[in-house]
Amino acid sequence: QVQLVESGGGLVQAGGSLTLSCAASGRTFSIYAMGWFRQAPGKEREVVAANTWSLHSTYYADSVKGRFTISRDNAKNTVYLQMNSLKPEDTAVYYCAANYAGDLFTYDYWGQGTQVTVSS
């Protein structure tokens, strides 16, 4: 199995930027896809961005297209989420996830989450 640890959350003003990191350890060589999800208070968890380990497929939610970028450093087994032009509605707990199956939207392994708060 794989272990995931997120970092990089915090408080930022609207229009600002943050970069989240997700360090993977364990059975990383079998990972098929990794994704970033978020959950705001009172709302369901939603996928923000995801890509396959091979980088053949990438997905972005419409709400973040053009503002967020998912990337990866294979040497460090780390996935990043660069978030620019942040809006108050981006406030949520952000989770990193990984799977071994051929799907960008269904995940078995999750990090503990990191809080992102965007002030207006």
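Residues numbered from 1 in each chain as written. Predicted model: local features only at pLDDT ≥ 70, side-chain atom pairs only at ≥ 80, totals over all residues. Heavy atoms only, no water.

### Here's the deal with the sheet that holds strand β1 (residues 2-7)
Here comes step 1: Across the sheet, four strands lie side by side as β1-β3-β8-β7; this open sheet has antiparallel pairing. With one partner strand each, in any of the chains shown, β1 and β7 (68-73) form the two edges of the open sheet. The sheet shows a mean angle of 20 degrees between the axes of neighbouring strands, direction not considered.
Here comes step 2: Note: β7 against strand β8 (residues 78-83), six bridges, orientation antiparallel. Among the inter-strand pairings, Ile70 is bridged to a residue of β8, identified as Leu81. (Pairing = 2+ DSSP bridges. Helix = DSSP H or I, 4+ residues; strand = E, 2+ residues; numbered from the N terminus. Axes fitted to C-alpha atoms, helices over the stretch in contact; angles between N-to-C directions.)

### Considering the packing of aromatic side chains
Here comes step 1: Within this structure, the stated rule accounts for five aromatic pairs.
Here comes step 2: For the ring pair Phe37 and Trp110, a centre distance of 4.8 Å and an interplane angle of 65 degrees mean the geometry is edge-to-face. Taken together, the positions of Phe37 in strand β4 (residues 33-39) and Trp110 in strand β10 (residues 109-110) put the pair 73 residues apart, joining distant regions of the chain.
Here comes step 3: What links up through ring pairs into an aromatic cluster is the set Phe37, Tyr107 and Trp110.
Here comes step 4: Just above the ring of Trp110 sits the side chain of Arg45; from NZ or CZ to the centre is 3.8 Å. (Phe/Tyr/Trp six-rings, centres within 6.5 Å; stacked < 30°, edge-to-face > 60°. Lys NZ or Arg CZ within 6 Å of the ring centre and 35° of its normal.)

### Let's talk about the nonpolar core
Here comes step 1: The biggest cluster of nonpolar side chains holds 29 residues, and the ones touching the most others in it are Met34, Trp36, Leu81, Met83 and Tyr94.
Here comes step 2: Among the elements of the structure, β1, β3 (18-26), β4, β5 (46-52), β7, β8, β9 (92-99) and β11 (114-119) are those that each provide at least two residues to this core.
Here comes step 3: Non-local contacts of Met34, meaning those with residues more than four positions away in its chain, are made with Leu4, Cys22, Ala24, Ala50, Asn51, Trp53, Ile70, Val79, Cys96, Ala97, Ala98 and Tyr107.
Here comes step 4: Core analysis: the second largest hydrophobic core is formed by seven residues, Ala33, Ala50, Ala97 and Leu104 among them. (Core = buried A, V, L, I, M, F, W, Y, C linked by side-chain atoms within 4.5 Å. Buried < 20%, exposed > 50% of the residue type's maximum accessible area, 1.4 Å probe, protein only. Contact = heavy atoms within 4.5 Å.)

### Things to note about the pairing of β11
A regular strand carries its side chains on alternate faces of the sheet.
Here comes step 1: Judged by which residues are buried, β11 turns out to be one-sided: Thr114, Val116 and Val118 face inward and are buried, whereas Gln115, Thr117 and Ser119, on the alternate face, are not.
Here comes step 2: Two elements, strand β2 (residues 10-13) and β11, share four bridges in a ladder whose sense is parallel. Counted as the bridge partner of Gly10 is Val116 from β11.

### Comments concerning the environment of Ala98
Here comes step 1: Examined against the element boundaries, Ala98 turns out to sit in strand β9.
Here comes step 2: Each C-alpha atom of the pair Ala98 and Ala24 lies 8.7 Å from the other, and the pair is 74 residues apart in sequence.
Here comes step 3: Those residues in contact with Ala98 that lie beyond four places of it in its chain are Val2, Leu4, Ile31, Ala33, Met34, Tyr107, Asp108 and Tyr109.

### Observations regarding the pattern of salt bridges
Here comes step 1: Tallied over the full model, the rule gives four salt bridges.
Here comes step 2: Note that Glu46 and Arg38 form a salt bridge whose closest N and O atoms lie 2.7 Å from each other.
Here comes step 3: The shortest N-O distance in the salt bridge between Asp62 and Lys65 comes to 3.2 Å. Here Asp62 matches Lys65 in class, with each residue exposed.
Here comes step 4: When salt bridges that share partners are traced, they join Arg38, Glu46, Arg67 and Asp90 into one network. (Salt bridge = Lys/Arg side-chain N within 4 Å of Asp/Glu carboxyl O.)

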